[in-house]
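Topology and contacts: notes
In case you want the letters, here they are:
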There are 2 protein chains.
Amino acid sequence: MRIAELSARSGVTVPTIKYYLRERLLPPGEVTGRNQAVYDHRHLQRLRLIRALREVGGLSVAATGEVLAALDDPDHTSHHLMGATHRAVLRRPGSPGGHPRRDPEWEQARAEAAERVRQLGWLVDPQAPALDQLADVILALRRIGHPEIADRLPDYAETALPVAQWEVAYATAADDPAVMMARVAAGTVLGEALLATVRLLAHEHVSATETGHERPDQARPMSPTPQEE
Amino acid sequence: MRIAELSARSGVTVPTIKYYLRERLLPPGEVTGRNQAVYDHRHLQRLRLIRALREVGGLSVAATGEVLAALDDPDHTSHHLMGATHRAVLRRPGSPGGHPRRDPEWEQARAEAAERVRQLGWLVDPQAPALDQLADVILALRRIGHPEIADRLPDYAETALPVAQWEVAYATAADDPAVMMARVAAGTVLGEALLATVRLLAHEHVSATETGHERPDQARPMSPTPQEE
């Protein structure tokens, strides 16, 4: 297909496709003439993955490029790709941060994060970027005066473990390594969005039930009606 | 305390504090002279909450202002504040999106989202912004060719429900309404960060265990060592 059709089918504009080609997020098409190339279903599939990572996952172009590079590396196992995806996700705008890392207070929180995870008995690389993020969250909770929320870590862990088990099993069940890796990348980012969304819905349900908004129409005041917006 | 001490104790620079005062995120201090004011522990507590919402939660100044306005409204219940916090969280940079809402394809996904949540039997406002986000995620999964991940919604829901129950119970257990509301605001944003982080750690643990990286030192290749970075 020509670039115009690729654009129509992927929902990505032609200038953005050209940008992804220049940045090598997308492999070049087959050249068929001066300034002409054709693209196939692999380009379409790749563009959809880029779109999901960028627009739904909130990854930067650079972070997207790193995940795709891991995806294209034939030596990478699902375990390695998951590591690359984690590092990309943990650098997203909006990820916890805000405290200068590597100062003494942060180092103490980082050590506490490692110790808390060690107590869970989990196999986690001591250099894992997720431990840095856990240190950020522990420190943020302490700074706003709610350090006790971090004591809930074993409960959150118990909650997250079955989710992670079926997510990893789903990704590694694919026969085609490219499909498996796409599942890891998409599942890591979109699974997080799905879990976060369901948690917000559960908050509303629990809050509506416990505060006496027993019927859905009584739960309505939680959000503005369209007229009020 | 003077603004310099408030800055030192909160970790927020003086120009940023002045900006928050102008934007009314922070109430004015007590005026003690020309160009002089003193601040108390409530300013410090408020600054720490702003910092957590902004830097850890990733909220914009406008979104932070909306959460704080709900916090300051004496008529707002925890249920209302949770709604205000949800709306702020759902507008963060990095939140799912990317598909133009209100087009026919999105509307279909939105109806599917509402139907899937109805099947859970949850009390959720049909206008809830989290349902819009769920529609975004369903659509993104379909576009990248993994619509079946959305079929896991009941599993994610089962996972999220106990988390939401203890989070809401924790927030509403506070006697002081201001403390309760701060817990809702902080817990909604930081609880999400904590759950997301623990999920990444669980992925690593499950992946390391299942791919035969049985000992922590063998799990190490998932992340680069500092020398490699």
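Right, let's walk through the structure included here. Not measured: the values here are computed from a predicted model. Within any chain, residue numbers begin from 1 and follow the written order of that chain's sequence. Whichever chain is written first is A, and whichever ligand is written first is 1; the rest continue in order. Given that this is a predicted model, residues contribute local features only at a pLDDT of at least 70 and side-chain atom pairs are listed and counted only at 80 or more, while totals for whole chains, interfaces and linings are drawn from all residues. Neither water nor hydrogens contribute to the side-chain values; these are computed over all heavy atoms in the structure.

For the purposes of this entry, the term helix denotes a DSSP run of H or I that reaches at least four residues, the term strand denotes a run of E that reaches at least two, and both are numbered from the N terminus. On a plain count of helices and strands, chain A comes out with 10 helices and 2 strands. In sequence order, chain A lays out its α and β elements as α-α-β-β-α-α-α-α-α-α-α-α. Each of the 229 residues in chain A was classed as buried or not, and the buried ones make up 54%. Counted over contacts in chain A with a minimum sequence separation of 6, partners at least 24 positions apart contribute 55%. Surface accessibility in these figures is a Shrake-Rupley result with a 1.4 Å probe; residues are shielded only by whichever protein chains are displayed. With an accessible surface of roughly 10,300 Å², chain A has 51% of that area assigned to carbon and sulfur atoms. Summary of the burial criterion: residues with accessible area below 20% of their type's maximum are buried, those above 50% are exposed, and those between are partly exposed, where the area comes from a 1.4 Å probe applied to protein chains only. Contacts are assigned to residue pairs with any non-hydrogen atoms lying within 4.5 Å of each other.

We now examine the environment of V67(A). You can see V67(A) is positioned in helix α4 (residues 61-72). Setting aside chain neighbours within four positions, we find V67(A) in contact with L53(A), L59(A), L81(A), A84(A), T85(A), A88(A) and A185(A).

To continue, consider the pattern of salt bridges. Residues and elements named next belong to chain A. Here, a salt bridge means any Lys or Arg side-chain nitrogen found within 4 Å of an Asp or Glu carboxyl oxygen. According to the stated counting rule, one finds 20 salt bridges over all chains in the structure shown. Across the salt bridge formed by R110 and D132, the nearest N and O atoms sit 2.6 Å from each other. Of the two residues, R110 sits in helix α6 (residues 104-120) while D132 sits in helix α7 (residues 129-143), which places them 22 residues apart along the sequence. Each member of the pair, R110 as well as D132, is classed as buried.

Residue and element names in this part refer to chain A. The geometry of α6 relative to α7 is characterised by a closest axis approach of 8 Å and an angle of 115° between their N-to-C directions. Taken together, α6 and α7 sit at an angle that is classed as roughly perpendicular. The hand of the α6/α7 crossing is right-handed. Contacts from E105, W106, Q108, A109, R110, E112, A113, A114, R116 and V117 of α6 reach α7 at L131, D132, L134, A135, D136, I138, L139, R142 and R143. Class assignment of the residues belonging to the contact of α6 with α7 gives a composition of 10 nonpolar, 1 polar and 8 charged. Only the stretch in contact is used when a helix axis is fitted, and all axes are lines through C-alpha atoms; the angle between N-to-C directions ranges over 0 to 180 degrees. Oblique is the label for any angle not covered by the other classes, which are roughly parallel (under 35 degrees), roughly antiparallel (over 145) and roughly perpendicular (65 to 115). By definition, any crossing whose near helix is turned counterclockwise from its far helix by less than a right angle is left-handed, and any crossing with a clockwise turn is right-handed. Ten residues, namely Ala, Val, Leu, Ile, Met, Phe, Trp, Tyr, Cys and Pro, are considered nonpolar, four, namely Asp, Glu, Lys and Arg, are considered charged, and the remaining ones, Gly among them, are considered polar.

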